[in-house]
Amino acid sequence: MAAAAEPEPEAPRRGPAEDEEAAAAELSAELCARRSAEARRLVLSPRRLWGPLPAGLSQWFPALEVLDVSGTGLAELGEELLALPRLHTLLAKNNRLGGPGSLPKALGQAPLGRSLRVLNLSGNRFAELPPALLGLRGLQSLSLGGNRLHGIPPDIQELRSLEFLYLGGNFITSIPPELANLPSLSSLVLCDNKIQSIPPQLAQLHSLRSLSLHNNLLTYLPREILNLVHLEELSLRGNPLVVRFVRDLTYNPPSLQELAGRTIKTRNVPYAPSDLPENLVRYLSLASNCPNPKCGGVYFDSCVRQIKFVDFCGKYRIPLMHYLCSPECSSPCSSASQSSTSQSESDSEDEASVAARRMQKVLLG
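The following paragraphs examine the structure supplied in this document. All residue numbers refer to positions counted from 1 along the written sequence of the respective chain. Restriction of local features to residues with pLDDT of at least 70 applies here, the model being predicted, together with a cutoff of 80 or more for giving and counting side-chain atom pairs; totals for whole chains, interfaces and linings are based on all residues. Note that the side-chain values use all heavy atoms of the structure and ignore hydrogens as well as water.

So, on to the overall build of the chain. Tallying secondary structure elements over the chain gives six helices and 14 strands in all. Categorising residues by exposure relies on relative accessible area from a 1.4 Å probe, with only protein chains included: less than 20% of the type maximum marks a residue as buried, more than 50% marks it as exposed, and the intermediate range marks it as partly exposed. Across the 365 residues in the chain, those meeting the buried criterion constitute 43%. The contact rule is simple, with two residues in contact once any of their heavy atoms fall within 4.5 Å. A fraction of 48% describes how many contacts in the chain between residues 6 or more apart in sequence connect residues 24 or more apart. By element, 50% of the accessible surface of the chain is carried by carbon and sulfur atoms, the whole surface being about 19,500 Å². Strands here are runs of E lasting at least two residues and helices are runs of H or I lasting at least four, both read from the DSSP assignment and numbered beginning at the N terminus. Each accessible area is a Shrake-Rupley estimate made with a 1.4 Å probe; only the visible protein chains count as cover when residues are assessed.

Right, let's talk about the environment of Leu-234 for a bit. By secondary structure assignment, the location of Leu-234 is in strand S10 (residues 233–235). Note on Leu-234: relative accessible area 9%, which makes it buried. For the pair formed by Leu-234 and Ser-212, sequence separation is 22 residues and the distance between their alpha carbons is 5.9 Å.

Attention now moves to the pattern of salt bridges. Just to be clear on terms, a salt bridge is a Lys or Arg side-chain nitrogen sitting within 4 Å of an Asp or Glu carboxyl oxygen. All chains considered together, the criterion is met by three salt bridges. For Arg-262, the salt bridge is made with Glu-258, and the minimal N-O distance between the two is 3.0 Å. With Arg-262 and Glu-258 both in helix H4 (residues 256–266) and four residues apart, this pair spans about one turn of that helix. For the pair formed by Arg-262 and Glu-258, the shared burial category is buried. As a salt-bridge pair, Arg-282 and Glu-278 come within 3.9 Å of each other at their nearest N and O atoms. Of this pair, Arg-282 and Glu-278 both sit in helix H5 (residues 278–284), four residues apart, roughly one helical turn. Residue Glu-278 is classed as exposed on the basis of its relative accessible area, which comes to 64%.

What follows concerns the sheet that holds strand S1 (residues 41–43). By definition, two strands form a pair when at least two bridges between them are found by DSSP. In space, the nine strands of this open sheet follow the order S1-S2-S3-S4-S5-S6-S7-S8-S10, with parallel pairing throughout. On the outer flanks of this sheet lie S1 and S10, each paired with one strand and no other. Ignoring which end each strand starts from, the neighbouring axes of this sheet average 5 degrees apart. With three bridges connecting them, S1 and strand S2 (residues 66–68) associate as parallel partners. Bridge assignment links Val-43 to a residue of S2, and that residue is Asp-68. Whenever a helix is involved, its axis is fitted only over the stretch in contact; in every case the axis is a line through C-alpha atoms, and angles between N-to-C directions fall within 0 to 180 degrees.

Counting residues in each nonpolar core, the largest one holds 65 residues, and the members touching the most others are Leu-67, Leu-81, Leu-133 and Leu-142. Contact partners of Leu-67, with chain neighbours within four places excluded, come to Leu-42, Leu-53, Leu-57, Leu-81, Leu-84, Leu-87, Thr-89, Leu-90 and Leu-91. Only buried residues count toward a nonpolar core. Its members are Ala, Val, Leu, Ile, Met, Phe, Trp, Tyr and Cys residues joined through side-chain atoms within 4.5 Å. Residues Cys-290, Tyr-299, Cys-325 and Cys-329 belong to the second largest nonpolar core, which totals seven residues.

Okay, structure coming up:
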C-alpha cells in the first residue's frame, strides 16, 4: 500500500510592511512601463500604499499637470512631488495623510508653490491645517473636508488667490476674522462643524457667491452679513436658528457713569478735554449710536441684545443680532410704525408667521 504524500509546507505569510513594500515595487514597475514624456494626467488605481510617491515619477512623467492619488492609502507624499513643476491639480482624497511629514516642508518654496491651483485633501487625518500649504500663493481651490480639523489658522489669509474653500465635516468651533482677507473667495463651505457664531468681518468677502453653514450650532447671524450683496446661495439648515422673534431681552441696568455719559452725548452738552479727566474723555468717545433711526440714543457698556428677522437680498428673512440702547427702544428692523396696541400685536404675529415661512426656505434650501 503506497504511503500518503506529505503536504507541501505553506509559504510564510508576509507582514504589513512587506505587503507595502511589494505594493510600492509593483507601482514603480507599473509607472515605469507607462512612462511618457507627453502625458499630462496620471491617475493611480486604488491600492494599499504607505508612501511616499515612487522615486522617478518626475522623470517618467515630466509634463504632468494633473495627479490623482486618491484612495491609494498614502500616508505621505514625499519630496518627489516637488519635482513636478507643471503640476496644477493634485487630488489626494481618502488616504492616510495627516501625520508628521505628510506633506513636503518645502512645498511653498518649490516651483509647485506657484503652479498648483487645485488641491484636494478631503477624507484624510489632518488635525490642523498643514503649515506647508500656506506657501501655495497661487492656490485657487482647497478642499480639506472630512478631516479632524479643530480650527482655522489666522494665516489662512496668506492664500490670497483662493476662490474655493471646503472645510466641511470637521470639528471647527470658530472662524477667524482673518478669513475675510481673501479677496477672491467666491465659495466657502463650513457645513457639518461645531461653529456657534460668525464673525462680522466675514461681510468683507465681497466676491462671495456661495456660503454653506448648515449643520452647525448657529443661533443668529451678525447684522453685517447683509453687506454680502452678491451672495447667491446661503445654506443654514440644521442649525438651532430661531424661527420666531426672540422676545426675551437681556439687559443690565446702566451705571451712573453711563447714565451721565448718555445725557452728555444725547443732549450735546459741550465739554473740552481740559474740563474732564483723561479717562472720562476717552470713555465718552466710545459711545455707540443706537441703530434705531427714530431713537437717537447712545449706549456704552449697557445694551439690549435682540434678534430680529431681516430681509436678505429680497429672498429670505434671517435672524440678526441687534444691540439697542434700552428695552423700550424698538428695533429698526421691525415693521412699519403701528397706530394702536391691537394693530401692533396683530402685525407682530403676521411678521413672525411670515418670517417662519421664509426662514424655512433658507434652512431647507
